[in-house]
Structure formats: structure tokens, C-alpha cells
Amino acid sequence: MQKWPGKRALRKGPKTTLEIALMADGVAPNDVYKTLGTSEGVERAFKKLDQLKPNLVWWEKGSQPPQLLASGEVAMTDAYNGRIAAANDKDKKNFKIAWTNNLYTIDSWVIMKGSPNKAQAETFLVFVNDPQNQKNLPPKIPYGPTAKASTALIDKNVLPNLATAPQNMATALYINDKFWLENLDKLSQRFNAWVAK
């Protein structure tokens, strides 16, 4: 395994940071929430963060990771892949993404009950969920499609830069919304107290 000396940046807060800490400590992505759901798992995550803390820089806005990399303040950071792609494209940077153990989430479209524009909203959902339409987004911004059938239609030069590329999903961890709904307050208090000391 190649080593990259230098500071690391992480998003400030328990969500994603605790998952990253556990994976950095050897927990397999499939076991992260089972581990984090125990008091021993929480202790393990914070113990790993104790080890990393002297070399951590925190970010709070999505624009910060590329800036931290560009300034040389950090050698590595977690980040939104669209921000890294934009920095490479617009600012002519050459940042690389390590997809191993990447974290991902899924957004949803919702039609509110009683919506006066329900028929138009349904038509829109049919349009945006069509694989033929979804294949057109990644060349503009490297966000993966939600329709799996779109993957085969995406330009083969674009596909490796997407979180949803099969090889990038192999070790990916889905951010468990149910876990965070149940534990965010408690773990935020613990995390904030840890950061402050």
C-alpha cells in the first residue's frame, strides 16, 4: 500500500467521520454500522480519531476540500466528487479520487400529497428516471445515475469517474440514514466534546 505523508481533512461532524475512522481501523464496509451501533464500536471509532487528530484539518463547506488540497494544507481529504471534478476542470488541478471504501447516499424525488401539479410531476419523474436521459448527466458533472440500466449507456471514458461505476461500488459504504436518524444527536454531542478537547 502506498503511503501519502501529510495532513488529512475530514468533514466536521460525526456523520461520515465515524464511518471513516472505523474503516481506517480495519472494519469492513459491510460491518461499519453493526460495529458503530455498539458502545464498543463508538469507542473504537473515537480511539482511532484520537490517533489521527494531530494530523486532521476539519472542513464544513463543500468548497473547502479542493482549496485545502490546492493550498497544500492537506495531502488528502474526503470531498464531494463533483467539487473535485470542478477543480480539475475549471482550475486545471490534477486531483485524483481514491474510490476504495467511498461513502455514498441516495437522494429521492417526492410528490407531495395533494400537489396541484401531480400529473406534471409524474411526467417529470418518468423523464428523469429514463436511463436514456440519465446517461446524459455524468458527462456534465460526475454524479452517478440512479437507474442501474443507465450504467451500460454511459461513455466508457466517463464511467470510471463515477461513484456508481461497478468497480467503485465494490467497497462502497451506503450512509445509513436510519442509523443517523436514531443516533445523530447522541453522537454529535460526543463528537463535539471530543473535538473541543
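That block above? That's the structure.
Residues numbered from 1 in each chain as written. Predicted model: local features only at pLDDT ≥ 70, side-chain atom pairs only at ≥ 80, totals over all residues. Heavy atoms only, no water.

1. A look at the sheet that holds strand 1 (residues 8–11)
Consider a sheet: its strands pair through backbone hydrogen bonds, and that pairing is either parallel or antiparallel. Applied cut-off: For two strands to count as paired, DSSP must find a minimum of two bridges between them. Helix and strand assignments come from DSSP, with helices taken as H or I runs of at least 4 residues and strands as E runs of at least 2, each series counted from the N terminus.
Across the sheet, three strands lie side by side as 2-1-3; this open sheet has parallel pairing. The open sheet has two free edges, formed respectively by strand 2 (56–59) and strand 3 (76–77), since each of these has just one partner strand. Sheet analysis places strand 1 next to strand 2, joined by four bridges and oriented parallel. Within strand 2, the position partnered with Arg8 by the bridge is Leu56.

2. Some thoughts on the packing of helix 3 (residues 39–52) against helix 9 (residues 177–196)
Applied cut-off: Inter-axis angles, ranging from 0 to 180 degrees, are taken between N-to-C directions of lines fitted to C-alpha atoms, where helices are fitted over the stretch in contact. Note that the term roughly parallel is reserved for angles under 35 degrees, roughly antiparallel for angles over 145, roughly perpendicular for angles of 65 to 115, and oblique for everything else. Should the near helix be turned counterclockwise from the far one by less than a right angle, the crossing is left-handed, whereas a clockwise turn marks it as right-handed. Every residue pair with non-hydrogen atoms within 4.5 Å of one another is taken to be in contact.
Where helix 3 contacts helix 9, the axes come no closer than 12 Å and their chain directions differ by 25°. Overall, the two elements helix 3 and helix 9 adopt an arrangement that is roughly parallel. By crossing handedness, the relation of helix 3 to helix 9 is classed as right-handed. From helix 3, Val42, Glu43, Phe46, Leu49 and Asp50 reach across to helix 9, where they touch Leu187, Arg190, Phe191 and Trp194.

3. Some thoughts on the nonpolar core
Put simply, the rule is: By nonpolar core is meant a set of buried Ala, Val, Leu, Ile, Met, Phe, Trp, Tyr and Cys residues that side-chain atoms within 4.5 Å join together. Burial here depends on accessible area, computed with a 1.4 Å probe over protein chains only, as a share of the maximum for the residue type. Under 20% is buried, over 50% is exposed, and the range in between is partly exposed.
Core analysis: the largest hydrophobic core is formed by 21 residues, its most contacted members being Leu18, Val32, Tyr33, Leu36, Phe46, Leu49 and Trp180. Within the residue set of this core, elements represented by two or more residues are helix 1 (17–24), helix 2 (32–36), helix 3 and helix 9. Among the elements that line this core, the one with the most residues is helix 9, at five residues. Excluding anything up to four places from it in sequence, Phe46 contacts Leu18, Arg190, Phe191 and Trp194. Counting residues in hydrophobic clusters, the runner-up holds nine residues, among them Val57, Trp59, Leu68 and Phe95.

4. A look at the pairing of strand 1
In regular strands, side chains alternate between the two faces of the sheet. Sheet analysis places strand 1 next to strand 3, joined by two bridges and oriented parallel. Bridge pairing links Arg8 to Met76 in strand 3.

5. Regarding a nonpolar patch on the surface
Here is the rule we go by: Like charges are joined within 9 Å and nonpolar side chains (Val, Leu, Ile, Met, Phe, Trp, Tyr) within 5 Å, but only among residues with over 30% relative accessible area and no salt bridge; these make up the patches. Using a 1.4 Å probe, accessible areas were evaluated by the Shrake-Rupley method; residue-level cover was limited to the displayed protein chains. For this analysis, a salt bridge means a side-chain nitrogen from Lys or Arg found within 4 Å of a carboxyl oxygen belonging to Asp or Glu.
A cluster of nonpolar side chains, namely Tyr80, Leu137 and Tyr143, defines an oily patch on the protein surface of about 270 Å² accessible area. Inspection of the secondary structure puts Tyr80 in the loop between strand 3 and helix 5 (81–90). Overall, the relative accessible area of 35% leaves Tyr80 in the partly exposed class.

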